[in-house]
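Analysis of the macromolecular model
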Amino acid sequence: MSRSVSEYRFGLGDGLPIALGYIPVSFTFGLMAASLGMDPLLAVIMSITNLTSAGQFAGARLMIEHAKYYEIIITVFIINLRYGLMSLGISQKIEDGLPLWKKAVIAFGITDETYAVASLEENTITYKYMLGLITLPFFGWTIGTMMGAYVDALLPKSISSASGIALYGMFIALMIPAAKASKTLLLVILVASGISVILNYIPLFSFLSSGWCVILSSVSGALIMTLISPMEEQDEH
Amino acid sequence: MSIEYGLIAIFLMALITYVPRSLPLLLVKTHLKSKKLQTFLKYMPYAVLGALTFPNVFNSSHSVVASTVGVISATIAAYFKRGLLTVTIIAVSAVWIVERML
């Protein structure tokens, strides 16, 4: 019993930086949605049920333009397609023998950030750990949306601008130690980042949504390095 | 926008977002054997982190210069093994300071 409590707490601690990084992003989302005329309550409900940044920004904009349901579904699906690969990654890392309902619960919490943190764990991850990991980010995302949608003057402009980098600070904190430890991982990061920059700046690719950019860059980066430099034989991953 | 349209749209979005999140986790029950696939899945998180960070981090504050300083500060802090929270705070502080100076 105490082991499962500490697993949950361990997850909670890992989730805290994510939650803090989410607040400025979800605040921006709430602010944007409300300022474009969406009912603040709808924005909050969207955050509670979706827990996704790129998809919500796109979806909210489509809703405000009174897009057809199928347009919203297709757009959001494509933007969030990368979660499929992340879910596959988690499926390999999660403890064995979990009942379907527990998997269904943690699936809800798979985001770019929770996926990255969970994947970087050395051992198998437990259900309790994932539950802990997801908790604070979920609240951070919801509360940030609430603040942005309802009380748009709550976050002083100076802090909200600087806090935009919070999430990226976390990403860097995760990437650097790995890059330091392994040339291969450094290359994975560099190749994926390079492709991402190219896709963002070359006008030829300007039609690509942010979701496509992320999935194409990360898949290409990981794929290229897999072909160049596969891992050695291991029993344990 | 009517509340009805809003709620239906939100519900559909939530559903379609949940599909890619859940299907692999629910359907794939075994440890996949392919070494190539294992390698790919091992590299993916790092590739995702890189793709998410660049180039977007440079547009994350009002000033590209401030963001760049933030990136450099975070990188140095992370290189010297500071924890997640510390690095994040350092990055935010750096941006805040540089924006004051500009």
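Right above here is the structure, for reference.
Just so it is clear, the structure is predicted and the values come from calculations on it, not from any experiment.

The next subject is unusual backbone geometry. Cis geometry marks the peptide bond from Phe54(B) to Pro55(B); its omega dihedral reads 0 degrees. Position of Pro55(B) relative to the elements: it lies in the loop between helix H2 (35–53) and helix H3 (64–79). Unusually for a residue other than glycine, His66(A) sits at a positive phi of about 55 degrees. Looking at the secondary structure, you find His66(A) in the loop between helix H3 (53–64) and helix H4 (69–79).

Once that is clear, we can look at the interface of chain B and chain A. Taken together, the contact between chain B and chain A spans 70 residues of the former and 99 residues of the latter. Carbon and sulfur atoms make up 75% of the area that chain B and chain A hide from each other, which totals about 7700 Å². Across the chain B-chain A interface, the total number found is zero salt bridges. The interface formed by chain B and chain A includes 18 residue pairs in polar contact (both at pLDDT 80 or more). Going through the elements one at a time, helix H1 (3–27), H2, H3 and helix H4 (84–101) of chain B are the ones with two or more residues in the side of chain B that touches chain A. Looking at the side of chain B that touches chain A element by element, the count peaks at 21 residues for H1(B). Partitioned by chemical class, the residues of the side of chain B that touches chain A number 44 nonpolar, 17 polar and nine charged.

For the coordinates displayed, the defined rule picks out 10 aromatic pairs over all chains. With 6.1 Å between their ring centres and 65 degrees between their planes, Phe108(A) and Phe138(A) make a pair best called edge-to-face. A residue pair is termed long-range when its members are at least 10 positions apart, and Phe108(A) in helix H6 (residues 100–108) and Phe138(A) in helix H8 (residues 127–150) qualify at 30 residues. We classify Phe108(A) as partly exposed; its relative accessible area is 24%. What links up through ring pairs into an aromatic cluster is the set Phe108(A), Phe138(A) and Phe139(A). The ring of Phe108(A) has Arg21(B) lying over it, and the distance from NZ or CZ to the ring centre is 6.0 Å.

About the thresholds
Residues numbered from 1 in each chain as written. Chains lettered and ligands numbered in written order. Predicted model: local features only at pLDDT ≥ 70, side-chain atom pairs only at ≥ 80, totals over all residues. Heavy atoms only, no water. Helix = DSSP H or I, 4+ residues; strand = E, 2+ residues; numbered from the N terminus. Contact = heavy atoms within 4.5 Å. Buried area = accessible area lost by both parts, 1.4 Å probe. Salt bridge = Lys/Arg side-chain N within 4 Å of Asp/Glu carboxyl O. Polar contact = N/O pair within 3.5 Å; in protein donor to acceptor, adjacent residues only side chain to side chain. Nonpolar A, V, L, I, M, F, W, Y, C, P; charged D, E, K, R; others polar. Phe/Tyr/Trp six-rings, centres within 6.5 Å; stacked < 30°, edge-to-face > 60°. Buried < 20%, exposed > 50% of the residue type's maximum accessible area, 1.4 Å probe, protein only. Lys NZ or Arg CZ within 6 Å of the ring centre and 35° of its normal.

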